[in-house]
Amino acid sequence: MSSTEPAQDFLAKAVRLATVNVLDGGGPFGAVIVTADGQVFEGVNRVTATNDPTAHAEVTAIRRACSALGTFALPGATLYTSCEPCPMCMASALWARVGRVVFAADRHDAASVGFDDAVFYEYFENADRDALMPVSRLELSDPQAPAVLEPFTTWNALASKIEY
């Protein structure tokens, strides 16, 4: 599918997708990815419908676009989303090399109806983030354990690797 619709239309489409998704048992979030060459891919939030905490609208749209195009990178693409992306979705857009993100409602609008991602934003900004979820490095002391850098040295030596 290809389109030359203006940005306002793509953003309105994301909002409409979100509303329809609510009536289909999903969350109130929709997203549209428009690739650099004008191809359009949609995604909706299916977290509770599929018991997948990563099934946010933005991630779903990115997965569909990448799968259909046979790539893991979407340089020059624009991600239109019904609501400001959470940190996971922003990171997904960054990993996909999306060129631009445009959203309608913001995180405060989402929080007003119970979708409060503030703790996640604060996690990345907070020096005391371990209070929410401890993250630590553990050294492997068993002599039979693989070297922790083995995956990286294997990757680095692999002539057929696909860099990303």
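Residues numbered from 1 in each chain as written. Predicted model: local features only at pLDDT ≥ 70, side-chain atom pairs only at ≥ 80, totals over all residues. Heavy atoms only, no water.

Enquirer: Would you explain the pattern of salt bridges in this entry?
Expert: When their charged atoms lie close together, side chains carrying opposite charge are able to pair. Tallied over the full model, the rule gives three salt bridges. With a shortest N-O distance of 3.8 Å, Asp24 and Arg46 are connected by a salt bridge. Of this pair, Asp24 sits in the loop between helix 1 (7–23) and strand 1 (30–34) while Arg46 sits in the loop between strand 2 (40–44) and helix 2 (47–50), and the two are 22 residues apart along the sequence. With relative accessibility at 51%, the residue Asp24 sits in the exposed group. Taking the shortest distance from any N to any O, the salt bridge between Arg63 and Asp52 comes out at 3.8 Å. Here the residue Arg63 occupies a position in helix 3 (residues 57–69), and Asp52 occupies one in the loop between helix 2 and helix 3, the gap between them amounting to eleven residues. For Asp52, a relative accessible area of 24% puts it in the partly exposed group. (Salt bridge = Lys/Arg side-chain N within 4 Å of Asp/Glu carboxyl O. Helix = DSSP H or I, 4+ residues; strand = E, 2+ residues; numbered from the N terminus. Buried < 20%, exposed > 50% of the residue type's maximum accessible area, 1.4 Å probe, protein only.)

Enquirer: Could you clarify how one ought to interpret the packing of aromatic side chains in this entry?
Expert: To describe a pair of aromatic rings, you give the distance between the ring centres and the angle between the ring planes. Scanning the model with the defined rule gives two aromatic pairs in all. Here the aromatic rings of Phe29 and Phe115 are separated by 5.0 Å at their centres, their planes lie at 90°, and the arrangement is edge-to-face. Of this pair, Phe29 sits in the loop between helix 1 and strand 1 while Phe115 sits in the loop between helix 5 (107–111) and helix 6 (118–125); the two residues are 86 residues apart in sequence, bridging distant segments of the chain. For Phe29, a relative accessible area of 14% gives the class buried. Lying across the ring of Tyr121, Arg107 places its NZ or CZ 3.6 Å from the centre. (Phe/Tyr/Trp six-rings, centres within 6.5 Å; stacked < 30°, edge-to-face > 60°. Lys NZ or Arg CZ within 6 Å of the ring centre and 35° of its normal.)

Enquirer: What should I look at first to understand the nonpolar core in this one?
Expert: Side chains that are nonpolar tend, in soluble globular proteins, to be buried together. Residues Ile33, Ile62, Leu74, Leu79 and Val98 are the most contacted members of the largest nonpolar core, which totals 17 residues. Elements with a minimum of two residues in this core: strand 1, helix 3 and strand 3 (78–83). With five residues, the top contributor of residues to this core is helix 3. Leu79 has contacts with Ala31, Val32, Ile33, Glu58, Ala93, Val98, Arg100, Val101 and Val102, leaving out every residue within four places of it along the chain. (Core = buried A, V, L, I, M, F, W, Y, C linked by side-chain atoms within 4.5 Å. Contact = heavy atoms within 4.5 Å.)

Enquirer: Explain a nonpolar patch on the surface to me, please; I cannot follow it from the model alone.
Expert: The grouping of Phe72, Trp95, Trp155, Ile162 and Tyr164 at the surface amounts to a nonpolar patch, some 630 Å² of accessible area in total. Within the secondary structure layout, Trp155 lies in helix 7 (residues 150–157). (Patch = residues over 30% accessible without salt bridge, like charges linked within 9 Å, V, L, I, M, F, W, Y side chains within 5 Å. Areas by Shrake-Rupley, 256 points an atom, 1.4 Å probe, with all protein chains shown as cover.)

Enquirer: What exactly am I supposed to notice about helix 3 here?
Expert: Since one α-helical turn is 3.6 residues long, residues separated by three or four positions face the same way. With 13 residues, helix 3 should reach 18 Å at 1.5 Å per residue; the first-to-last C-alpha distance of 18 Å fits that figure. Of the positions making up helix 3, those classed as buried are Ala57, Glu58, Val59, Thr60, Ala61, Ile62, Ala65 and Cys66. Tucked into the core, helix 3 has its buried residues touching strand 1, strand 2, strand 3 and helix 4 (87–95). In the stretch just after helix 3, Gly70 is the one whose phi turns positive, near 65°. (Expected span 1.5 Å × (residues − 1).)

Worth remembering: the numbers are spatial, not functional.
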